Amino acid sequence: MATYLDFENKIEKIQEEIVSAHAIANLDAVEKHQKELEKEVNKTFGSLSDFQKLQLARHPDRPYSLDYIKLLMDDAYEIHGDRAFRDDPAILCYIGWIDGQKTMLIGEQKGRGVKNKIKRNFGMPNPEGYRKALRAVKMAEKFDIPVLMLIDTPGAYPGLGAEERGQSEAIAKNLFEFASVKVPLVSIVIGEGGSGGALAIGVADKLAMMRYSVFAVISPEGCSAILWNDPTKVETATKALKITPSDLLEHKLIDDVLDEPLIGAHRDKATAAAVLKHYFLENVKALKELSVDELLDQRYKRLTAVGAYSE
């Protein structure tokens, strides 16, 4: 059963009317309601607030990394473990083919259902997850395989064990190592990009965000608690943080915004996957035309330009 957010009430009612009309084979009513639905979708999704976009980024039906892996990859083989401590289920590493292009795909996975959410630690990686990602990227570099990274996490896990095993060091090492990897790196925020947990697989030649995704140094809930000590200020914090793709593109913190279906990737996963695939393959094709020195120089300039300003 589809899940509707509070601002989608009218869309939900029209969808129910369409189902009822189909049940009695009233094709005229179906056509009428389809036109009403299209009009309401354009009206609702054409003027979303930043907080509503945040709700869509966290939508329980939104495609996760594993959904995209199943839609995008052929002959996908999962890589486990960091060769130091254990396998972290919050980060997935798969090698396979995307439209004939051999690819290493790394993605953060939140999990569905109580048991799976606990297994995946709600998409919050431990240090071993980031070390697994680094191992996979180094393997890709060895065999000249481009890397696609899918960001979707509320943040790196802040638990005691994670800190004891070097959470900050694992993230920092990824930032350092990814900057000099000699194969094309493409990173896409598919849902929620939270703090260092997102940055750890966000160092790339191209960083893009899907239409209804967010990227922030802290969650709006955390921001409202710190600045105002008031949980009701979440909407205000969301707007102040500038976490939407349009804001980040304007400030040149990302390269592109991917136009997932207007009604949301969760309503049309196949189209969303096709958009993601097209972006990855087009950029890999362009990046492969560069020499290794040109690739690394371009990446270095892109990374060091972040935050640059002139007086």
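Report on the accompanying structure. The model shown is predicted, which means the values in this text are computed figures rather than measured ones. (Residues numbered from 1 in each chain as written. Predicted model: local features only at pLDDT ≥ 70, side-chain atom pairs only at ≥ 80, totals over all residues. Heavy atoms only, no water.)

Moving on, we come to the packing of helix α1 (residues 9–23) against helix α2 (residues 27–45). Two quantities define a packed helix pair, namely the angle between the axes and the distance from one axis to the other. Where α1 meets α2, the axes come as close as 9 Å, and the angle between the chain directions of the two elements is 165 degrees. When the axis of α1 is compared with that of α2, the two are roughly antiparallel. Helix-helix and strand crossings are classified by hand; for α1 and α2 the assignment is left-handed. Residues Lys10, Ile11, Ile14, Gln15, Glu17, Ile18, Ala21 and His22 of α1 form the contact with α2, whose own contacting residues are Ala29, Val30, His33, Gln34, Glu36, Leu37, Glu40, Val41, Lys43, Thr44 and Phe45. (Axes fitted to C-alpha atoms, helices over the stretch in contact; angles between N-to-C directions. Helix = DSSP H or I, 4+ residues; strand = E, 2+ residues; numbered from the N terminus. Parallel < 35°, antiparallel > 145°, perpendicular 65-115°, else oblique. Left-handed = near helix turned anticlockwise from the far one by under 90°. Contact = heavy atoms within 4.5 Å.)

What follows deals with the environment of Val183. Its place among the elements puts Val183 in the loop between α8 (167–178) and β5 (185–194). A relative accessible area of 1% means that Val183 is categorised as buried. For the pair Val183 and Lys288, spaced 105 residues apart in sequence, the C-alpha separation works out to 8.2 Å. Excluding residues that lie within four positions of it along the chain, Val183 makes contacts with Ala140, Glu141, Asp144, Ile145, Val147, Asp205, Leu295 and Arg299. (Buried < 20%, exposed > 50% of the residue type's maximum accessible area, 1.4 Å probe, protein only.)

Moving on to the pairing of strand β6 (residues 206–210). Among the five residues of β6, four are classified as buried, and the element is accordingly described as predominantly covered. When β5 meets β6, the two strands line up parallel, connected through four bridges. Within β6, the residue paired with Ile188 across the bridge is Ala208. Relative to strand β8 (residues 256–258), β6 runs parallel, the two sharing three bridges. Looking at the pairing, Met209 lines up with Val257 of β8. (Pairing = 2+ DSSP bridges.)

With a phi close to 50 degrees, Asp75 is a non-glycine residue in the positive phi region. The topology assignment puts Asp75 in strand β1 (residues 74–78). The exposure class assigned to Asp75 is exposed, which follows from its relative accessible area of 69%. Unlike most non-glycine residues, Asp99 shows phi in positive territory, near 55 degrees. Secondary-structure assignment places Asp99 in the loop between β2 (91–98) and β3 (101–108). Residue class for Asp99 comes out exposed when judged on its relative accessible area of 55%.

As a volume, the largest pocket reaches approximately 360 Å³. Lining the largest pocket we find 15 residues, and of these Leu199, Leu207, Phe215, Leu253 and Val306 sit closest to its centre. Those elements that provide at least two residues to the lining of the largest pocket are α9 (195–199), β7 (214–216) and α14 (292–304). (1 Å grid on protein atoms, 1.4 Å probe; cavity = no way out; pocket = protein on both sides within 12 Å on 5 of 7 lines; lining within 4 Å. Points joined across faces, edges and corners; volume = space filled by probe spheres on them.)

Once that is clear, we can look at helix α10 (residues 220–227). The complete set of buried residues in α10 reads Pro220, Gly222, Cys223 and Ser224. Positive phi appears at Asn229, one or two residues downstream of α10, with a value of about 50 degrees.

Moving on, we get to the environment of Val275. Among the secondary structure elements, Val275 is positioned in helix α13 (residues 269–288). Placed 17 residues apart in sequence, Val275 and Leu258 show a C-alpha to C-alpha distance of 7.0 Å.

With that out of the way, let us pick up the side chain of Thr103. If you trace the backbone, Thr103 turns up in strand β3. A polar contact of 2.9 Å, which involves the side chain of Thr103, links it to the backbone oxygen of Gln101. Setting aside chain neighbours within four positions, we find Thr103 in contact with Met73, Tyr94, Ile95, Gly96, Ile98, Ile145, Pro146, Leu148 and Phe280. (Polar contact = N/O pair within 3.5 Å; in protein donor to acceptor, adjacent residues only side chain to side chain.)

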